[in-house]
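# Coordinates in review
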Amino acid sequence: MGNFIPATAVAATAPSSPSPPVHDRRELQAQLQIVIDGLKVTIVFNPVFTALFLPAFALSGSPFGPVPALNLWLAMGLQIFSAGMAFLIHRRYRQVEVEDVAQVEKFLVAGQVLFSSIWGIILFLFWLPGNPVNQIFLIMIMSLVSYAIVFARSVQIRLLLVAIMIQGGSLLLRLAISGDALASAMIPVILMYVLYLWLMG
């Protein structure tokens, strides 16, 4: 009769799923710490930059507007909310610990979805059909914000991918459904620009 081996002994000797190597977690920790530190720029840049270009869309005689006042106030409110969320994430995870990297990464991805989506919403709020000057100005703003994202998030590829997909996708969607000749002509240009940002990141 063969030797009987208890099931508990088999379970104890069975190989467990390997945890990520320590050096990988430390590398991720360093990447996330850079992003966390960079949130201080997001906290200031998003609402301040929006406030700076807001008058161009608000004045009745401006070639970029006028955009409805409700849309302007909504955009400013969204950016203040965005800055508040960035502040809370930065305050909670000011110092990233190795054991917290998975949780910090989830919060940062969720935060990036929010930050990029708000820029996409502002694009739709400020877009004026039949006004090519307004449209080119908005394309320039979105291109500038996306370019800044490459420098701020390129250290963490998942965050960069989220940002480019949402912001680039929002701009391409707005151009595709516009129906204006200028917007249609800009689609291949923006596609190439999005590809350029991804390769540069």
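The following refers to the structure shown.

Conventions used here
- Residues numbered from 1 in each chain as written.
- Predicted model: local features only at pLDDT ≥ 70, side-chain atom pairs only at ≥ 80, totals over all residues.
- Heavy atoms only, no water.
- Helix = DSSP H or I, 4+ residues; strand = E, 2+ residues; numbered from the N terminus.
- Buried < 20%, exposed > 50% of the residue type's maximum accessible area, 1.4 Å probe, protein only.
- Contact = heavy atoms within 4.5 Å.
- 1 Å grid on protein atoms, 1.4 Å probe; cavity = no way out; pocket = protein on both sides within 12 Å on 5 of 7 lines; lining within 4 Å.
- Points joined across faces, edges and corners; volume = space filled by probe spheres on them.
- Nonpolar A, V, L, I, M, F, W, Y, C, P; charged D, E, K, R; others polar.
- Axes fitted to C-alpha atoms, helices over the stretch in contact; angles between N-to-C directions.
- Parallel < 35°, antiparallel > 145°, perpendicular 65-115°, else oblique.
- Core = buried A, V, L, I, M, F, W, Y, C linked by side-chain atoms within 4.5 Å.

## Structural notes on the overall build of the chain
Each helix and strand counted, the chain has seven helices and zero strands in total. In the chain, the order of α-helices and β-strands from amino to carboxyl end is α-α-α-α-α-α-α. Residue burial in the chain is summarised as follows: out of 201 residues, 42% are buried. At a minimum sequence separation of 6, the contacts of the chain that also span at least 24 residues come to 76%.

## A few points about the side chain of Asn-46
Relative to the assigned elements, Asn-46 resides in helix α2 (residues 22-58). Given a relative accessible area of 6%, Asn-46 falls into the buried group. Contacts of Asn-46, omitting those with residues within four sequence positions, involve Val-41, Gln-79, Ser-82, Phe-115 and Trp-119.

## Concerning the layout of surface pockets
Empty space within the largest pocket amounts to approximately 260 Å³. Lining the largest pocket are 16 residues, and of these Val-41, Thr-42, Ala-148, Ile-149 and Ala-152 sit closest to its centre. Elements with a minimum of two residues in the lining of the largest pocket: α2, α4 (101-126) and α5 (132-153). Examining the composition of the lining of the largest pocket, we find that six residues originate from one element, α2, more than from any other. For the lining of the largest pocket, the per-class residue count stands at nine nonpolar, six polar and one charged.

## As for the environment of Ile-141
Relative to the helices and strands, Ile-141 is located in helix α5. A C-alpha to C-alpha distance of 9.1 Å links Ile-141 and Phe-53, two positions 88 residues apart in sequence. With residues near it in sequence (within four places) discarded, Ile-141 still touches Phe-49, Phe-53, Phe-57 and Trp-119.

## What to know about empty space enclosed by the protein
The final tally for this structure, using the stated rule, is two cavities of 30 Å³ or more. Its boundaries defined by the atoms lining it, the largest cavity holds a volume of some 80 Å³. As for the largest cavity, its lining consists of Met-142, Ser-143, Ser-146, Ala-163, Ile-164, Gln-167, Gly-168, Leu-171, Ile-190, Tyr-193, Val-194 and Leu-197. Among the elements of the structure, α5, α6 (157-178) and α7 (181-200) are those that each provide at least two residues to the lining of the largest cavity. Ranked by the residues each element gives to the lining of the largest cavity, the list is headed by α6, at five residues.

## As for the packing of α4 against α5
It is at 10 Å that the axes of α4 and α5 come closest, and there the two elements cross at 170 degrees. Taken together, the axes of α4 and α5 lie roughly antiparallel to each other. Residues Gln-112, Phe-115, Trp-119, Gly-120, Leu-123 and Phe-126 of α4 pack against Asn-134, Leu-138, Ile-141, Met-142, Val-145, Ile-149 and Arg-153 of α5. When grouped by side-chain class, the residues that make up the contact of α4 with α5 number nine nonpolar, three polar and one charged.

## Examining the packing of α6 against α7
Here α6 crosses α7 at 175 degrees, and the two axes come no closer than 9 Å. On the basis of the axis angle, α6 is roughly antiparallel to α7. Side by side, α6 and α7 meet where Ile-157, Leu-160, Leu-161, Ile-164, Gly-168, Leu-171, Leu-172, Leu-175, Ala-176 and Ser-178 of the first sit next to Ala-183, Ser-184, Met-186, Ile-187, Ile-190, Leu-191, Val-194, Leu-197 and Trp-198 of the second. Looking at the contact of α6 with α7 residue by residue, the classes come out as 16 nonpolar, three polar and no charged.

## Considerations on the nonpolar core
With 35 residues, the main nonpolar core has Phe-53, Phe-57, Trp-119, Phe-126, Ile-141, Leu-175 and Ile-190 as its most contacted residues. Of all the secondary-structure elements, those providing two or more residues to this core are α2, α3 (69-92), α4, α5, α6 and α7. With eight residues, α5 is the largest single contributor of residues to this core. For Trp-119, the contacting residues outside a window of four places in its chain are Phe-45, Asn-46, Phe-49, Thr-50, Phe-53, Gln-79, Ile-141, Met-142, Val-145 and Gln-167. In this structure, Leu-32, Ile-36, Val-109 and Phe-115 belong to the second largest nonpolar core, which totals 18 residues.

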